[in-house]
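Topology and contacts: notes
Residue strings, one per chain:
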Amino acid sequence: MNGKILVTGALGNVGAEIVKRLQAAGSSLRAADLSVETIRERFGASVEAVAFDFSKKETYRAAFEGVEKMFLMRPPQISDVKGLILPALDAAQAAGVRHVVFLSLIGIERVKFVPHYKVEEYLMRSPMTWTFLRASFFMQNLNTTHRQEIRERSEIFVPLGGARTSFIDVRDIAAVAVAALCQPGHENKKYDLTGPEALDYWQAAAILSETLGRTITYRNPSALEFFVSHLRRGTPLPTAMVMTGLYLSTRNGMAESVTGDVERVTGQKPIPFRQYARDYQASWQ
Ligand SMILES: NC(=O)c1ccc[n+]([C@@H]2O[C@H](COP(=O)([O-])OP(=O)(O)OC[C@H]3O[C@@H](n4cnc5c(N)ncnc54)[C@H](OP(=O)(O)O)[C@@H]3O)[C@@H](O)[C@H]2O)c1
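Notes on the structure in this doc start here. (Residues numbered from 1 in each chain as written. Predicted model: local features only at pLDDT ≥ 70, side-chain atom pairs only at ≥ 80, totals over all residues. Heavy atoms only, no water.)

**Some details on the overall build of the protein chain**
On a plain count of helices and strands, the protein chain comes out with twelve helices and eleven strands. Its C-alpha atoms give the protein chain a radius of gyration of 19 Å, within 12% of the compact-globule value 19 Å for 285 residues. Principal axes of the C-alpha set define a box for the protein chain whose edges measure 50 × 35 × 35 Å. Looking at the protein chain residue by residue over its 285 residues, the buried ones come to 56%. By element, 50% of the accessible surface of the protein chain is carried by carbon and sulfur atoms, the whole surface being about 12,600 Å². Across the protein chain, the mean location of the 34 positive side-chain charges is 1 Å away from that of the 29 negative side-chain charges. (Helix = DSSP H or I, 4+ residues; strand = E, 2+ residues; numbered from the N terminus. Rg over C-alpha atoms; globule rule 2.2 N^0.38 Å. Buried < 20%, exposed > 50% of the residue type's maximum accessible area, 1.4 Å probe, protein only. Areas by Shrake-Rupley, 256 points an atom, 1.4 Å probe, with all protein chains shown as cover. Lys, Arg positive; Asp, Glu negative; His and termini not counted. Charge placed at Lys NZ, Arg CZ, Asp CG, Glu CD.)

Pasting the structure below:
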């Protein structure tokens, strides 16, 4: 491979894991996120860092120049795909990017209202090749989005009833992304990425309780209660709507299937929830 690999969302859950892996492998890499200083603090000066903001077209050129392949993540704050993501893809293509590995969502065929759907559609019509990483819900949501409620109230607040989720560890998503970025044979492939089992939130709470040595309760609010509580916490309306819509689809089984795609691509079994809980237990102490 002659060109660089660009990682967008380099400070995010998945992007940071990809950067670590590419850095360790000595790949030619450019890490992109809103703050160059924070990228340098996190990964050291040896990683090439670039300030990149989907909403600032003036940041595109420095990000895409000399890039052959890129990991694309849609920041959760961005719902305007047409105005903010597609122009970046056009600029990437014009700058010579040939392959895009896109972090998408499991069950996307059933949730066409989410922004990822439009990105996938656009990429499928693009001259660039692509790999879609259609990930199930991240285990790491519990130590990010749900960290405070678990730490402070020992509860998990999601409106899912008894629906099961095939949680995936972001380290497994990153491993698949790195394979798709560095090895041939992943062009125009769609991977459904899941962990090794589907758990309901009572089971997830029980594993966390055992790991942490205190009771973590699964609060199971109605979708309306969940939506209103997010608006009260300051979550922007479009984000709260997408989140609630996704949980409603998950209630209907969108994220319960377990696939073997992680192992097929990486040769490694995906990380089980219990292992994740042990690895991250300091987050909730
Ligand atoms: N969570 C899940 O269970 C799940 C499952 C499947 C798919 N996904 C998808 O995964 C994606 C998120 O991935 P992630 O969790 O790895 O990311 P993340 O941790 O949310 O990180 C997003 C990064 O993008 C940065 N950012 C914010 N606005 C930006 C902009 N305008 N331009 C460029 N960068 C910007 C953020 O900076 P700041 O932090 O400074 O804002 C942050 O560093 C979403 O599209 C989500 O739908 C999530």
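That shown, we press on.
**Structural notes on the environment of arginine 40**
Locating arginine 40 in the fold gives a position in helix α2 (residues 36-43). The partly exposed category is assigned to arginine 40, whose relative accessible area is 43%. Between the alpha carbons of arginine 40 and valine 50 there is a distance of 9.7 Å; along the sequence they are ten residues apart. Filtering out sequence-adjacent residues up to four positions away, arginine 40 remains in contact with Ala45 and Ala49. (Contact = heavy atoms within 4.5 Å.)

**Comments concerning the sheet that holds strand β6 (residues 129-135)**
Sheet architecture is open: seven strands sit in the order β3-β2-β1-β4-β5-β6-β9, paired in parallel fashion. Only two strands of the sheet have a single partner each, and these edge strands are β3 (48-51) and β9 (189-193). Within the sheet, the average angular offset between the axes of one strand and its neighbour, ignoring direction, is 20°. In this structure, β6 lies alongside β9, joined through five bridges in parallel fashion. Along β9, the bridge assignment pairs threonine 131 with lysine 189. Each of β1 (4-7), β2 (29-33), β4 (67-72) and β5 (99-105) is contacted by helix α1 (residues 13-25), which is oriented at about 155° to β1, the strand it contacts most. (Pairing = 2+ DSSP bridges. Axes fitted to C-alpha atoms, helices over the stretch in contact; angles between N-to-C directions.)

**Considering the site of the ligand**
Contacts to the ligand come from 24 residues, most closely from Asn13, Asp33, Arg74, His116 and Phe138. The separation between an oxygen atom of the ligand and a polar side-chain atom of glutamine 77 is 3.1 Å. Here the ligand loses 78% of its free accessible area of 940 Å² to cover by the protein chains. At the level of secondary structure, the elements contributing two or more residues to the shell around the ligand comprise α1 and β5. (Near = heavy atom within 4 Å. Polar contact = N/O pair within 3.5 Å; in protein donor to acceptor, adjacent residues only side chain to side chain.)

**Quick notes on the side chain of threonine 8**
Structurally, the position occupied by threonine 8 is in the loop between β1 and α1. Residue classification places threonine 8 among the buried residues on the basis of a relative accessible area of 0%. Within the local environment of threonine 8, its side chain forms a polar contact with the backbone nitrogen of methionine 73, the two atoms lying 3.0 Å apart. Among residues more than four places away in sequence, those in contact with threonine 8 are Gly15, Ala32, Phe52, Met70, Phe71, Leu72 and Met73.

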